[in-house]
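Descriptive structure summary
This is what each chain is made of:
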Amino acid sequence: MILLGILLLLPLPALVALYYASMPGDMFSQFHHFNEWLSVAGTLLGYWGLVASSYAALGVKKIEDRYFAKVRLPALKKNIDKLASELSTLSETSASDAMPLTIFSGVGVELRALKRVNGFGRKRQLKKLLKAVDDISRWIKNNQHSAEPLNSCSDFWGLYTGLNAISLEIKAVIEEEKAK
Amino acid sequence: MSYSNNDWVQAVAKLVELTSKEQIKWAPTEDFFEGATEKIERALEATLNRKKYVVKRLQKQEWYDADPESYHWTGPYYALDIYQVTPFKGELVASAPAIPILRDLFNKADGMFAFQSGVLDDLLKPNSLEQS
C-alpha cells in the first residue's frame, strides 16, 4: 500500500518543475500552450493507469496463491503425516535393508510439492529438509553393506522432527485460511 | 514464556530417538492419571534424569444426546504426561498437547517393550517347541 502511494506521487515533483519552467522569462518558455499541458496530463494519467493495473495484477496473483494453497495443503498434510509416521517405524532398519526403500524419494516429492505452494512460504525450512533427505540417501548408499541401523544417522532424526514441525505449521495455515 | 507446540514436537521426537536407540526403556505401568471421562487402555513409563514419562493410549467418553447414558467411546487418543520424581511421590508436571507425533512415540515404546521382553522368541526359534 505504501509502495502504491509512493508510485502514484512520484511524478508530482516533475510536474512542479514543469510549472516553474513554464513561467515567463525562463529559457524553457515554450510551455505555455493549453495543448502542451494537455499532453502532460495525458502522460500522467497513463502512468497512473499503469501503476494501478500492476497493483491489481499483483492482487490477482496473491488471491491465486491463496486459493491454490487452500486446495493443496490438506492433501499434502495428510501425506506428510503418513510419511512421518512411517519414518518412525523404520528407524531400526539397517542400512542394507533401507537401500530399496522408496520412502525417502516419496518424502522428497511431497516436500518439493509443498515448496511450489507459494501461499505457504517457509522456503528456507523446506530447503533444509530436502537437503536432509539427500544426505540420508547418500548415507544409505555409503553404508549399504553394513548392518548399521538408520537411527544412527543424525539427519534421519532431523528429518523426522522437521516433518512433524512442518505438519503443525500446515495445520496452523489451514486453520487461518478457514478463519479468513 | 511457555513451550510452544513446536517445542513439544522437538522434545517428543527426541524421546522417539532415545527409544529407538534403546537409551531409555519403557515398561507397562498402572500408575497413571486418568481423567473422569477417559479410559486408559495401556500405559508405559520410562525414567530419564529423575523425570518419569508416561505415554498412554486412551479412549474418551462422548455424549451424543442429553441423556447421561447416551455416550460412546471414541479413540484411540494418545497422551504423554511428565512427572518430576521426588523421594516420596511423583508429581505431575506437564501434559503434552494433542500432537499426532504422540502416536509414533506410543507405538515405538510399545514395540520396543515387546521386542526387549522377547515375546516372539519361542515362536521364531526353529524347533524350540518340538523338543519339549
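Notes on the structure follow. No experiment lies behind these values; they were computed from the predicted model shown. (Residues numbered from 1 in each chain as written. Chains lettered and ligands numbered in written order. Predicted model: local features only at pLDDT ≥ 70, side-chain atom pairs only at ≥ 80, totals over all residues. Heavy atoms only, no water.)

Topic: the pairing of strand 3 (residues 51–63) of chain B
The side chains of a regular strand alternate, first on one face of the sheet and then on the other. All names here are of chain B. The pairing of strand 2 (residues 38–48) with strand 3 spans 10 bridges and is classified as antiparallel. Bridging from a neighbouring strand, Ala46 pairs with Tyr53 of strand 3. Pairing of strand 3 with strand 4 (residues 71–85) involves 12 bridges; the strand directions are antiparallel. In the sheet register, Val55 faces strand 4, and the bridge partner there is Leu80. (Pairing = 2+ DSSP bridges. Helix = DSSP H or I, 4+ residues; strand = E, 2+ residues; numbered from the N terminus.)

A closer look at the interface of chain B and chain A
Each partner contributes residues to the interface: chain B has 15 residues there, and chain A has 14 residues. Approximately 1300 Å² of surface area, both sides summed, lies buried where chain B meets chain A, with 56% of it carried by carbon and sulfur atoms. Among the residues of chain B in contact with chain A, Ser20, Asp104 and Lys108 of chain B are the three that bury the most area, contributing 30% of the side total. One can count 1 salt bridge joining chain B with chain A. A salt bridge links Glu92 of chain A to Lys108 of chain B; the shortest N-O distance between them is 2.9 Å. Ranked by the residues each element gives to the side of chain B that touches chain A, the list is headed by helix 1 (residues 5–20) of chain B, at 8 residues. (Contact = heavy atoms within 4.5 Å. Buried area = accessible area lost by both parts, 1.4 Å probe. Salt bridge = Lys/Arg side-chain N within 4 Å of Asp/Glu carboxyl O.)

Read these as spatial facts, not as claims about activity.
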